[in-house]
Amino acid sequence: MTTTKRDYLYAIIAGVAAAFFIFPSLKNIKIGGGTAMYFLPVVLPVLWIIGLAFGKLISRFVSFGYQFAKFVIVGFLNTAIDFGVLNFLSAITGLTGGFLLGGVNVPGFILAATNSYFWNKFWVFSHKRLPGEKIDYSDFASFVFVVLFGVIVNGGIVILMTTYISPLFNLSPERWLNIAKVIATAFSLIWNFIGFKLIVFGKK
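Residues numbered from 1 in each chain as written. Predicted model: local features only at pLDDT ≥ 70, side-chain atom pairs only at ≥ 80, totals over all residues. Heavy atoms only, no water.

**Let's talk about the packing of helix 2 (residues 40–58) against helix 3 (residues 65–93)**
For any two helices packed against each other, one specifies the crossing angle of their axes together with the interaxial distance. Short version of the rule: Under this scheme, a helix contributes an axis fitted over its contacting stretch, all axes are lines through C-alpha atoms, and angles between N-to-C directions fall in the 0 to 180 degree range. Only DSSP runs of H or I covering at least 4 residues are called helices, and only runs of E covering at least 2 are called strands; the numbering of each starts at the N terminus. Oblique is the label for every angle not falling under 35 degrees (roughly parallel), over 145 degrees (roughly antiparallel), or within 65 to 115 degrees (roughly perpendicular). Take the far helix as your reference; a near helix turned counterclockwise from it by less than a right angle gives a left-handed crossing, and one turned clockwise gives a right-handed crossing. Two residues qualify as a contact provided that any one of their heavy atoms is within 4.5 Å of a heavy atom in the partner residue.
Their axes nearest at 7 Å, the elements helix 2 and helix 3 cross at an angle of 155°. One way to sum up the angle between helix 2 and helix 3 is to call them roughly antiparallel. When the axes of helix 2 and helix 3 are compared, the crossing they make is right-handed. Two secondary-structure elements touch here, helix 2 through Leu44, Trp48, Gly51, Leu52, Gly55, Lys56 and Ile58 and helix 3 through Gly65, Tyr66, Ala69, Lys70, Ile73 and Phe76.

**Examining the packing of aromatic side chains**
For the record, the criterion: Note on ring pairs: Phe, Tyr and Trp rings are taken, using the six-membered ring of Trp, and paired if centres are within 6.5 Å. Classes follow the plane angle, with under 30 degrees stacked, over 60 edge-to-face and the rest tilted. Burial classes follow relative accessibility: with a 1.4 Å probe on protein chains only, a residue under 20% of its type's maximum area counts as buried, one over 50% as exposed, and anything between as partly exposed. Throughout this description, the term charge over a ring refers to an Arg CZ or Lys NZ atom that lies within 6 Å of the ring centre and within 35 degrees of the ring normal.
Taken as a whole and judged by the stated rule, the model has 23 aromatic pairs. Seen in terms of ring centroids, phenylalanine 71 and phenylalanine 193 are 4.8 Å apart; in terms of plane orientation they differ by 65°. Their pairing is edge-to-face. Of this pair, phenylalanine 71 sits in helix 3 while phenylalanine 193 sits in helix 6 (residues 173–200), and the two are 122 residues apart along the sequence. Accessibility assignment for this pair places phenylalanine 71 and phenylalanine 193 in one class, buried. Positioned over the ring face of tyrosine 137 is lysine 121, at 5.5 Å from the centre of the ring.

**As for a nonpolar patch on the surface**
Put simply, the test is: A patch is a set of surface residues, each over 30% in relative accessible area and not in a salt bridge, joined within 9 Å for like charges and within 5 Å for the nonpolar side chains Val, Leu, Ile, Met, Phe, Trp and Tyr. In these tables, accessible area is a Shrake-Rupley quantity obtained with a 1.4 Å probe, and a residue counts as shielded only by the protein chains included in the view. A pairing counts as a salt bridge when a side-chain nitrogen of Lys or Arg comes within 4 Å of a carboxyl oxygen of Asp or Glu.
There is a patch of nonpolar side chains on the surface, built from Phe54, Leu57, Phe61, Val62, Phe64, Phe68 and Val72 and spanning about 650 Å² of accessible area. Secondary structure elements with two or more residues in the nonpolar patch: helix 2 and helix 3. Here phenylalanine 61 lies in the loop between helix 2 and helix 3. Relative accessible area serves as the criterion here: at 69%, phenylalanine 61 is assigned to the exposed category.

**Digging into the confidence of the model for the protein chain**
Selection rule: One confidence number per residue, pLDDT, is output by the predictor and ranges from 0 to 100.
Mean pLDDT over the protein chain: 87, with 92% of residues reaching 70 or higher. Predicted confidence in the protein chain is weakest over helix 4 (residues 100–124), with a mean pLDDT of 87, and strongest over helix 2, with 93.

**Things to note about the environment of leucine 95**
The residue leucine 95 is located in the loop between helix 3 and helix 4 in this model. On the accessibility criterion, leucine 95 (23% relative accessible area) is partly exposed. Those residues in contact with leucine 95 that lie beyond four places of it in its chain are Ser90, Leu100, Leu101, Val104 and Leu177.

Given below as structure tokens:
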């Protein structure tokens, strides 16, 4: 797979956007105060460029290495959106556990999933279209199926951990919420890559 200038540009855009959505999460869990976190819009794009180079190297041994590197970059952006919206709404509503948290968890996941569709379709799993070929959105239905299953897994883990497991290590409810979200996101990330590659975009 060839590395293009567009890949680097998209990696930079994804890094800057992710940094923007990370801010509400850091503020809610009271981590990264001061001016240090404002370097994220610079640090993340640099990391993603390095990540693309590493993915290109790995692709010599694993065919989908470069594609997976792009998927991780997009996945991080989606995660930042998901976490950012969740923490923003959690801070406003004061909810850090219980079944009502499931509703607070949904908006960020939907926004992240919508963002995920376009980034994955046109960058991660994109294919070269012939001149005059129309963009095919027939894969959207299968994308919705994969995402809906991911919503169930993601939301279920968050609700179960925050409702039935007391915060460990004397963590605050806000930080425990984010620990639960990290674990839920890890499971949904694996499911999404498999689902997108084999069910949604793998037909191209």
